[in-house]
Amino acid sequence: MRKKKIITIVGARPQIIKASAISRAVALFFADQIDEVIVHTGQHYDENMSQVFFDELGIPSPDINLSVGSGSHGKQTATMIEGIEKVILDEKPNAIVVYGDTNSTLAAGVAASKIHIPVVHIEAGLRSYNKKMPEEVNRIMCDHVSSLLFSPTKTGVENLLKEGFKQEAAGNYTMDNPGVFHCGDVMYDNSIHFSEMSAQESTVLADNKLIEGEYILSTIHRNDNTDKPERITGIFAALQAISKENNVEIVLPLHPRTAKILTQNLPAELYLSIQSNPNIKLIPPVSFLDMIALEKNSKMVITDSGGVQKEAFFFNKACIILRPETEWIELVSCGSATIVGWSKDKIIEAYNRYSNDSSLRFPPVFGDGKAAEFICDMMLKHLS
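The rules we used
In this convention, every chain numbers its residues from 1, walking through the sequence in written order. Residues qualify for local features only when their pLDDT is at least 70, as the model is predicted, and side-chain atom pairs are given and counted only at 80 or more; totals for whole chains, interfaces and linings, by contrast, use all residues. Hydrogens and water are ignored here; the side-chain numbers use all heavy atoms of the structure. Starting at the N terminus, helices and strands are each numbered in turn, a helix being any DSSP run of H or I of at least four residues and a strand any DSSP run of E of at least two. Restricting the calculation to C-alpha atoms gives the radius of gyration, and the globule rule supplies 2.2 Å times the number of residues raised to the power 0.38. Relative accessible area decides the class of each residue, using a 1.4 Å probe on protein chains only: under 20% of the type maximum gives buried, over 50% gives exposed, and in between gives partly exposed. We call two residues in contact when some of their heavy atoms are within 4.5 Å. Accessibility throughout is a Shrake-Rupley quantity obtained with a 1.4 Å probe, and a residue counts as covered only by protein chains that appear here. The convention is simple: Lys and Arg are positive, Asp and Glu are negative, and His and the chain ends are not counted. For charged residues, the charge sits on one atom: NZ in Lys, CZ in Arg, CG in Asp, CD in Glu. DSSP calls a pair of strands paired once it identifies at least 2 bridges connecting them. Here is the rule: rings of Phe, Tyr and Trp (six-membered ring for Trp) pair when centre to centre is within 6.5 Å. Planes less than 30 degrees apart are stacked, more than 60 are edge-to-face, and the remainder are tilted. Should the NZ of a Lys or the CZ of an Arg lie within 6 Å of a ring centre and within 35 degrees of the ring normal, that charge is described as sitting over the ring. To qualify as a nonpolar core, a set must consist of buried Ala, Val, Leu, Ile, Met, Phe, Trp, Tyr and Cys residues joined through side-chain atoms within 4.5 Å.

**Things to note about the overall build of the protein**
Looking only at helices and strands, the protein has 17 helices and 13 strands in total. Taken over C-alpha atoms, the radius of gyration comes to 21 Å for the protein, in line with the 21 Å a tight globule of 384 residues would show. Overall, the C-alpha framework of the protein stretches about 65 × 40 × 40 Å when taken along its three principal axes. Per-residue burial for the protein yields a buried fraction of 58% across its 384 residues. A sequence separation of at least 24 residues applies to 73% of the contacts in the protein between residues at least 6 apart. Per element, the accessible surface of the protein, about 16600 Å² overall, is 52% carbon and sulfur. Charge separation in the protein, taken as the distance between the mean sites of 37 positive and 47 negative side-chain charges, equals 3 Å.

**Focus on the pairing of strand β9 (residues 249-253)**
For β9, a buried count of five out of five residues is recorded, marking the element as mostly surrounded by other parts of the structure. Residues E249, V251 and P253 point to one face of β9 and I250 and L252 to the other, with burial holding for every one of them. Across three bridges, the pairing between strand β8 (residues 215-219) and β9 is parallel. Note on β9: the bridge partner recorded for L217 is V251. Where β9 lies against strand β10 (residues 280-283), four bridges are found, and the strand directions are parallel. Residue L252 lies in a different strand from β10, and its bridge partner there is L282.

**Notes on the packing of aromatic side chains**
In the structure shown here, the tally under the stated rule is eleven aromatic pairs. Judged by centre distance (5.1 Å) and plane angle (45°), the ring pair of Y188 and F314 falls under tilted. Of this pair, Y188 sits in helix α7 (residues 186-201) while F314 sits in helix α14 (residues 306-314); the two residues are 126 residues apart in sequence, bridging distant segments of the chain. Taken together, the ring pairs connect Y188, F313, F314, W328, F362 and F366 into an aromatic cluster. Above the plane of the ring of F194 lies R24, whose end atom (NZ or CZ) is 5.6 Å from the centre. Positioned over the ring face of Y354 is R353, at 5.1 Å from the centre of the ring.

**What to know about unusual backbone geometry**
Here Y129, not a glycine, exhibits a phi torsion of approximately 60°, which is positive. Residue classification places Y129 among the exposed residues on the basis of a relative accessible area of 54%. At N247, a residue that is not glycine, the phi angle is positive and equals roughly 50°. In this structure, N247 sits in the loop between α10 (229-246) and β9. Residue N247 is classed as exposed on the basis of its relative accessible area, which comes to 62%.

**Digging into the nonpolar core**
Ranked by size, the top nonpolar core spans 67 residues in total, and within it F150, L294 and M379 carry the most contacts. Not counting residues up to four positions away in its chain, the partners in contact with L294 are V204, L205, L210, Y215, L217, V251, P253 and V286. In terms of nonpolar packing, the next biggest core, distinct from the first, is built from 30 residues, F236, L252, I280 and I302 among them.

What is shown is where atoms sit, not what they do.
So this is what it looks like as structure tokens:
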């Protein structure tokens, strides 16, 4: 049987980590049936994207890098469409595989659909119902040009059904007759796989003198929070109050951009008090294995990251969501996460509630850790 060729499109480090689950499944179970070409658009420059990153995680580095770089949404997306189209015409794949909701996801969906190459969208059906978020526009538009849509959750499938997709669609799947599948989450696959590696190799707790189960992990990176003084002030005022009133350590791996913005957007008095607070540890960005170690051993997680919300759930940690909405509504529905936005009072209230709650539930809503195998099997069955 002739091998099926897929082109995997990634645009940022988190997508490469997500894609590693598919690459691992191909290598272990489908090596004689699937050829994978990995294309990195270079959407985000990341100084941690050295070969050491790929070697540390044992994942394949991209075969092609388009080196698009940063720019306005329009310029960046247009440049990616042009580059991806050329790769597709050169490689002649059976399909392209995209993840989530970045500009590279949108660009790949547009490029492939225009020349009638099937699009496989992993993490399909996620909705925040806030179209002011560029990610929301990207994920909706990509879903509607995809032939195979793989949703990590039942809620994602339900969102697609509301938009006119049909889960019972059968036959030859195309853009006009797409296949919708509930597959579980490839990041749950990865968390299982990399958790043991992290336990053996990460020294981040020792390096920062953190005690298992006695610190809070916080991450803050979304422009909607960092670029608006009233929001970032509310968040950091809450963290300052929680750390002082409860004598609890809070560790924040900070992107350099976020660290710089703190000096600009926080009131000087608050910024200085945070800098002098021994219970708040502002540390440089950490590797994926270190982040897993921080999540797995924390007392609680406070974040505006969608990925970190899920990973907190994977490791049975309560999560306080620093946004007005979440794509991962299952976390809120089962009570293990709560949406607070940037309100100081709501953040503190959520911390106090979770600190005294021993009845949290973490049901298996993200699958069985074999989502990547399911996706590969479906691609083989339904790609011509």
